[in-house]
Amino acid sequence: MHITRFSLSRCGRSLLCGLAALTLAACSDDEATQPPTPQQAAPLQVCVVFEPDELGDQGYADNVLRGIEQVNRIDPATGKERLDMRLMSLPTTAETSRQLNLWVNDRANSFYPEQNYERRLLVLTHVSLLEGIDFSTFPEQDELLLLDADPNLAHSQTLQGLGKRVHFVNISAADAARRYYRQCSEWADLNDEDIFRNVCTIRWYKGISYQDSVDIAIQEMFDAGVAEGRIDTMTVVETEEDLKEYDNTNLRQFGYTFATFIDMLHETMNFGSVICDMGRASSGFDTYIFAHSPEFITLLIDAESCLSKQRYAVQRQFGRATAQWISRWLDAEPQSMPTLQWHGRWDGYCTDDIPWTGSEDDETDDGE
């Protein structure tokens, strides 16, 4: 798939215009008298922005990238190219913010320099990327799609001016968490060890909507009497702002180091099951647990794989969901796209390797 990463410079645009003029001048008289061919409508543009050093995480970001690479950029009605797909993955937060603001204010068409894009879509993989963007100049024809973000952000001071032009796509891992906990309970019954009924959830910070739903799903099982146990949540930092102190390039080593801390605590906190949701750091966490505490029953969220049969991996298919959303946006009228939330296993937007028990409790709808 052709992906445009940089727009043409002014010099490049001038050169293209000059070449076009020379070509027209070389036309024969007969050709010059023919009625002009209607010019193709200006194509659309999608710009997908990743956090610095996020790509290569073998999880969420790589899944998004694989999905958007599958978007069909050809107009099925005309057979002509209609989509300019641009990716932005820069080494620093400051440079990302600078380039985002340049993108917001430069609607010049890479295909037809004398025109602007008819519509553009900005896709942000993380809410943190909103910082530094001046949405007061966000063009009326453009729209914003936030992945893995709380839809209530639409009413925030930062985005309130966008109205219906801001959209959200979310995928919950709650159903996978319920199946995982059933495995913990079966393991506890098999080994006569109640410790496996107590779960420790590890995440970077509190307040992330889909992660909270994982906790809630298990807690609801306790409240309904379906299961017995306790769930504790441990966070590395207090807020998302504090997370900026960690470099994406060394997160795997951090996950390994943090696992040693969990290993020391598990006896005093009395848990034998762990849900690890730390992005790229999860692989380092899994490496340590596999080598030093194989008795843990571990669930890795947004991980492509894990190391042993007592490790389960669940991956939310944001790539597929984003590609489907963009494909619908290409044909939709502006401001008509919905906010979507996908759940669990049956809709195909959340895949895992957790054994299936066939309980009706796990059946969910395709979307909202």
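Residues numbered from 1 in each chain as written. Predicted model: local features only at pLDDT ≥ 70, side-chain atom pairs only at ≥ 80, totals over all residues. Heavy atoms only, no water.

A.B. asks: Sorry if this is basic, but what is going on with the side chain of His167 here?
C.D. replies: In this structure, His167 sits in strand β5 (residues 166–172). If sequence neighbours within four positions are ignored, His167 has contacts with Glu143, Leu144, Leu145, Leu146, Trp325, Met337, Pro338 and Thr339. (Helix = DSSP H or I, 4+ residues; strand = E, 2+ residues; numbered from the N terminus. Contact = heavy atoms within 4.5 Å.)

A.B. asks: How should the packing of aromatic side chains be read in this particular structure?
C.D. replies: Both the distance between ring centres and the angle between the ring planes are used here to describe each pair of aromatic rings. The tally for this structure, following the rule as stated, stands at four aromatic pairs. Across from the ring centre of Trp329, 4.5 Å away, lies the NZ or CZ of Arg119, which sits over that ring. A cation over an aromatic ring shows up here: Arg120 above the ring of Trp103, its NZ or CZ 3.8 Å from the ring centre. (Phe/Tyr/Trp six-rings, centres within 6.5 Å; stacked < 30°, edge-to-face > 60°. Lys NZ or Arg CZ within 6 Å of the ring centre and 35° of its normal.)

A.B. asks: I'm lost on the packing of helix α7 (residues 251–269) against helix α8 (residues 281–292) in this one. Help?
C.D. replies: To characterise two packed helices, one gives the angle between the axes of the helices and the distance between these axes. As a packed pair, α7 and α8 sit with axes 6 Å apart at the nearest point and diverge in direction by 45°. As judged from the angle between their axes, α7 and α8 are oblique. As α7 runs across α8, the sense of the crossing is right-handed. Packed against α7, whose contacting residues are Leu251, Arg252, Gly255, Tyr256, Ala259, Thr260, Ile262 and Asp263, the element α8 presents Ala281, Ser283, Gly284, Phe285, Thr287, Tyr288, Ile289 and His292 at the interface. For the contact of α7 with α8, the class distribution of residues is eight nonpolar, six polar and two charged. (Axes fitted to C-alpha atoms, helices over the stretch in contact; angles between N-to-C directions. Parallel < 35°, antiparallel > 145°, perpendicular 65-115°, else oblique. Left-handed = near helix turned anticlockwise from the far one by under 90°. Nonpolar A, V, L, I, M, F, W, Y, C, P; charged D, E, K, R; others polar.)

A.B. asks: Would you mind showing me how to read helix α5 (residues 174–191) here?
C.D. replies: Each α-helix winds once per 3.6 residues, and so residues spaced three or four apart point in a common direction. Taking 1.5 Å of rise per residue, the 18 residues of α5 would be expected to cover 26 Å, and the 26 Å separating its terminal C-alpha atoms lies within 8% of that figure. Residue Asp192 follows α5 closely and has a positive phi angle near 55°. (Expected span 1.5 Å × (residues − 1).)

A.B. asks: Just to check I follow, could you spell out helix α9 (residues 318–331) for this structure?
C.D. replies: Between its terminal C-alpha atoms α9 stretches 20 Å, which fits the 20 Å expected from 14 residues at 1.5 Å a residue. Along α9, the residues classified as buried are Phe318, Gly319, Ala321, Thr322, Ala323, Trp325, Ile326, Trp329 and Leu330. (Buried < 20%, exposed > 50% of the residue type's maximum accessible area, 1.4 Å probe, protein only.)

Don't take any of this as a statement about function, it's just geometry.
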